[in-house]
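Now for the letters of each chain:
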Amino acid sequence: MVSSGQDARTNPPRVLLAKLGLDGHDRGVKVIARALRDAGMEVVYLGMRVTADQVAAAAAQEDVDVVGISILSGAHMRLMPRMVDALERHGLRGERGADDVMLLVGGTIPDGDVDDLREMGIDGVFPVGTFTGEMVQFINESLGR
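Below, the structure is looked at part by part. Per-chain numbering applies: the sequence of each chain, read as written, is numbered from 1 onward. The model is predicted, so local features are restricted to residues of pLDDT at least 70 and side-chain atom pairs to those at 80 or more, both for listing and for counting; the totals for chains, interfaces and linings are taken over all residues. The side-chain numbers reported here are obtained from all heavy atoms of the structure, hydrogens and water having been left aside.

### Thoughts on the environment of A57
So, step 1. Looking at the element boundaries, A57 is found in helix α2 (residues 52-62).
So, step 2. Between the alpha carbons of A57 and P110 there is a distance of 29 Å; along the sequence they are 53 residues apart. To qualify as a helix, a DSSP run of H or I must reach at least 4 residues; to qualify as a strand, a run of E must reach at least 2; elements of each kind are numbered from the N terminus.

Written out as C-alpha cells, the structure reads:
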C-alpha cells in the first residue's frame, strides 16, 4: 500500500517483520531484516512473541507493502490463518485487490505445507535455507519494482 497517491515504483518497499507466537529464535529474522534494508527497503521489525492482531495493527499504522512472518516453532499452520484473518479485519487484505498487503512466511516449513499456505492466502513461502536474495527478488518483482 502506498499512501498519498505516489507511484509505488518510485518508493522503496516498506516491510514489516515479526515473530508470531512463542517462538523465541530471532537470529534468522534479524539477518533477513538487514538483507532487506541493505537492498534498499524500509524495514520495521516488531520483535518476538507478538500476536496477529498486533502485527496487523502495526502494518496499518506503518502503511507497509509487505508483512513477513518468521516461524521456527512448527506452528505455521495454526498461526498463519490467524494472520490472514487479522489483516482482513484491519482492511489490509480483501478480495485480492491491488492495495492488498503482501503476506510472506518463512521458517521451518515442510514442503507438504507450502501449497496449503498459498491456498490460505500467503503470497510467498520461504523455508529455512532460502537465500535472502531470493526474498528480495520476490518482493521487488511482486511489487513491480
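The structure having been displayed, the exposition proceeds.
### Considerations on the nonpolar core
So, step 1. Definition used in this section: a nonpolar core is a set of buried Ala, Val, Leu, Ile, Met, Phe, Trp, Tyr and Cys residues joined via side-chain atoms within 4.5 Å. Only protein chains enter the calculation, and the probe is 1.4 Å; a residue is then buried if its accessible area is under 20% of its type maximum, exposed if over 50%, and partly exposed in between. If you look at the biggest cluster of nonpolar residues, it comprises 29 residues, and the most contacted ones within it are V55, V67, I69, M80, M83, L103 and V105.
So, step 2. Contributing elements (two or more residues each) for this core: β1 (14-18), α2, β3 (66-71), α3 (76-89), β4 (102-107) and α4 (111-119).
So, step 3. Among the elements that take part in this core, α3 stands out by supplying six residues, more than any other.
So, step 4. When checking whether two residues touch, look at their non-hydrogen atoms; a contact exists if any pair is within 4.5 Å. With near-sequence residues (within four places) excluded, M83 lies in contact with L20, A52, V55, A56, I69 and L103.
So, step 5. Core analysis: the second largest hydrophobic core is formed by 13 residues, V15, V29, M41 and M135 among them.

### Quick notes on the packing of α2 against α3
So, step 1. At a minimum axis separation of 8 Å, α2 and α3 run at an interaxial angle of 40°. Of the possible angle classes, the one that applies to α2 and α3 is oblique. Considering the relative orientation of α2 and α3, their crossing is right-handed. Touching A52, D53, V55 and A56 of α2 are R82, M83, A86, L87 and R89, all from α3. Orientation is described by lines fitted to C-alpha atoms, with helices fitted over the stretch in contact, and by angles between N-to-C directions that extend from 0 to 180 degrees. An angle counts as roughly parallel when it lies under 35 degrees, as roughly antiparallel when it exceeds 145, as roughly perpendicular when it falls between 65 and 115, and as oblique in every other case. Two helices that cross are described as forming a left-handed crossing if the nearer one is turned anticlockwise from the farther one by less than a right angle, and a right-handed crossing if clockwise.

### Some points on the environment of E62
So, step 1. Its place among the elements puts E62 in helix α2.
So, step 2. The spacing of E62 and R14 is 48 residues in sequence and 8.3 Å in space, taken between C-alpha atoms.
So, step 3. Each residue touching E62, except ones within four places of it in the same chain, is listed here: R14 and V44.

### Here we look at the layout of surface pockets
So, step 1. If you add up the space inside the largest pocket, you get close to 360 Å³.
So, step 2. Contributing to the lining of the largest pocket are 23 residues, with G28, I32, G106, G107 and M135 lying nearest its centre.
So, step 3. Among the elements of the structure, β1, α1 (27-38), β3, β4, β5 (124-127) and α5 (132-142) are those that each provide at least two residues to the lining of the largest pocket.
So, step 4. Per-element accounting of the lining of the largest pocket gives the leading share, five residues, to α1.
So, step 5. Of the residues in the lining of the largest pocket, the class split is 15 nonpolar, eight polar and no charged. In this analysis the probe radius is 1.4 Å and the grid spacing 1 Å, with only protein atoms considered; a cavity is a set of points the probe fits into but cannot get out of, a pocket is an open set with protein on both sides within 12 Å along at least five of seven lines, and lining residues have an atom within 4 Å of a point. Grid points are joined across faces, edges and corners, and a volume is the space filled by probe spheres set on the points. Three categories are distinguished: nonpolar for Ala, Val, Leu, Ile, Met, Phe, Trp, Tyr, Cys and Pro, charged for Asp, Glu, Lys and Arg, and polar for the others, with Gly belonging to the last.

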